[in-house]
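Chains, contacts and geometry: an overview
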Amino acid sequence: YASSNIPLTAKSSITASDPGLRSLITDQVVQDTGMMSSVAVNQMIEALRNYNDVQTLGLITSATNTSNSSGVNLTLALWTAAKAAFKAQKPLGTLCFVGSTNQMRDFDLDLINSGGGTMVQGAGLDIFNGAMVDGYRGIYNGVAIFESANVPEFDASNDSGAFFVLQPGAGPDGVTLSPFAMGVWQEITAEGVRVPSRKGDDVTVTERVGWQVWAQYWLREFVTKKAAA
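Predicted model, so just to flag it, every value in this text is computed and none were measured.

A short note on the overall build of the protein
- From N to C terminus, the protein includes 6 helices and 10 strands.
- Here the protein holds 229 residues, and the buried ones make up 43% of them.
- Long-range pairs, those at least 24 residues apart, make up 76% of the contacts in the protein between residues at least 6 apart in sequence.
- Of the roughly 11200 Å² of accessible surface on the protein, 54% is carried by carbon and sulfur atoms.

Here's what the structure looks like:
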């Protein structure tokens, strides 16, 4: 999750929303599958956390700074040029990049093509060998690489990855600062009501939260083509 709750950002400046999920967890489901009702609730909570991830990364498309390579597959050369443009914004903190599954596929392909150079030296090996999707892949060229299926589309043919920075422990009470601010009015909560007539628990999982980009110079959109040539 490339996100953090920024106490420095006034909640009044963020528009709040009330996302939630509701489901009837029946006794029959619990008995037939052996799944505890608490497990089903945890699945609902994870779905809501994923919603938060989608909404946070969706802010990439509103970035003021963009390296637009629409219609072109991601290459290490394009990626390095975009990185240089981002560093010229003078962001503070740990340099990171989040790419879509399409972008990371092309990243891997170019690592293979440059095998006589960067791969031999060991740079990019952890990224190339990593099987993880939706998570941290490794370090390349001084940048922490993340892959996420929740990276937004630029349009029907292109994805919008992004360079951004994190400052671990730089905020009040050791909070990690990032360009993506989350104002939280109410944490994720789960409530269940027993409904005997329906033989189960009517469970609702909700929260009250909002998102915004709070430091534009800490963020740079990087647009590349979805499909590999």
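What about the nonpolar core?
- Counting 19 residues, the largest nonpolar core has Trp-79, Phe-97, Phe-107, Tyr-140, Ile-145, Phe-163 and Phe-222 as its most contacted members.
- Looking at this core, the elements that each hand over two or more residues are helix 3 (76–87), strand 3 (94–99), helix 4 (101–113), strand 5 (143–147) and strand 7 (158–166).
- Within the second largest apolar cluster, 18 residues are counted, among which are Cys-96, Val-98, Phe-164 and Leu-219.

Considerations on the environment of Glu-153
- Here Glu-153 shows up in strand 6 (residues 153–155).
- Given the relative accessible area of 48%, Glu-153 is considered partly exposed.
- Once the C-alpha coordinates of Glu-153 and Val-223 are considered, the two residues, 70 residues apart in sequence, prove to be 8.8 Å apart.
- Setting aside chain neighbours within four positions, we find Glu-153 in contact with Thr-61, Asn-158, Asp-159, Ser-160 and Lys-226.
- Among the polar contacts made by the side chain of Glu-153, one reaches the side chain of Lys-226 at a distance of 2.4 Å.

Description of the pairing of strand 9 (residues 200–213)
- Where strand 1 (residues 20–26) and strand 9 come together, 7 bridges link them in antiparallel fashion. Among the inter-strand pairings, Arg-22 is bridged to a residue of strand 9, identified as Thr-204.
- Pairing of strand 8 (residues 180–195) with strand 9 involves 13 bridges; the strand directions are antiparallel. Across the sheet, the residue bridging to Ala-190 is Val-205, located in strand 9.
- The loop that links strand 8 with its antiparallel partner strand 9 comprises 4 residues; one of these, Lys-199, has a positive phi angle of about 55°.

Remarks on the packing of helix 3 against helix 4
- Where helix 3 contacts helix 4, the two axes come as close as 9 Å, and the packing angle between them is 115°. Between helix 3 and helix 4, the interaxial angle falls into the category roughly perpendicular. Residues Leu-76, Ala-77 and Trp-79 of helix 3 form the contact with helix 4, whose own contacting residues are Phe-107, Asp-110 and Leu-111.
- The class makeup of the residues in the contact of helix 3 with helix 4 is 5 nonpolar, no polar and 1 charged.

Examining unusual backbone geometry
- The backbone of Lys-90 shows a phi angle near 60°, a positive value even though the residue is not glycine.
- By relative accessible area, Lys-90 is classed as exposed at 62%.
- If you check the backbone angles, Asn-141 has positive phi at about 55° while not being a glycine.
- On the secondary structure map, Asn-141 appears in the loop between strand 4 (135–140) and strand 5.
- With a relative accessible area of 38%, Asn-141 lands in the partly exposed category.

Definitions and limits used
Residues numbered from 1 in each chain as written. Predicted model: local features only at pLDDT ≥ 70, side-chain atom pairs only at ≥ 80, totals over all residues. Heavy atoms only, no water. Helix = DSSP H or I, 4+ residues; strand = E, 2+ residues; numbered from the N terminus. Buried < 20%, exposed > 50% of the residue type's maximum accessible area, 1.4 Å probe, protein only. Contact = heavy atoms within 4.5 Å. Areas by Shrake-Rupley, 256 points an atom, 1.4 Å probe, with all protein chains shown as cover. Core = buried A, V, L, I, M, F, W, Y, C linked by side-chain atoms within 4.5 Å. Polar contact = N/O pair within 3.5 Å; in protein donor to acceptor, adjacent residues only side chain to side chain. Pairing = 2+ DSSP bridges. Axes fitted to C-alpha atoms, helices over the stretch in contact; angles between N-to-C directions. Parallel < 35°, antiparallel > 145°, perpendicular 65-115°, else oblique. Nonpolar A, V, L, I, M, F, W, Y, C, P; charged D, E, K, R; others polar.

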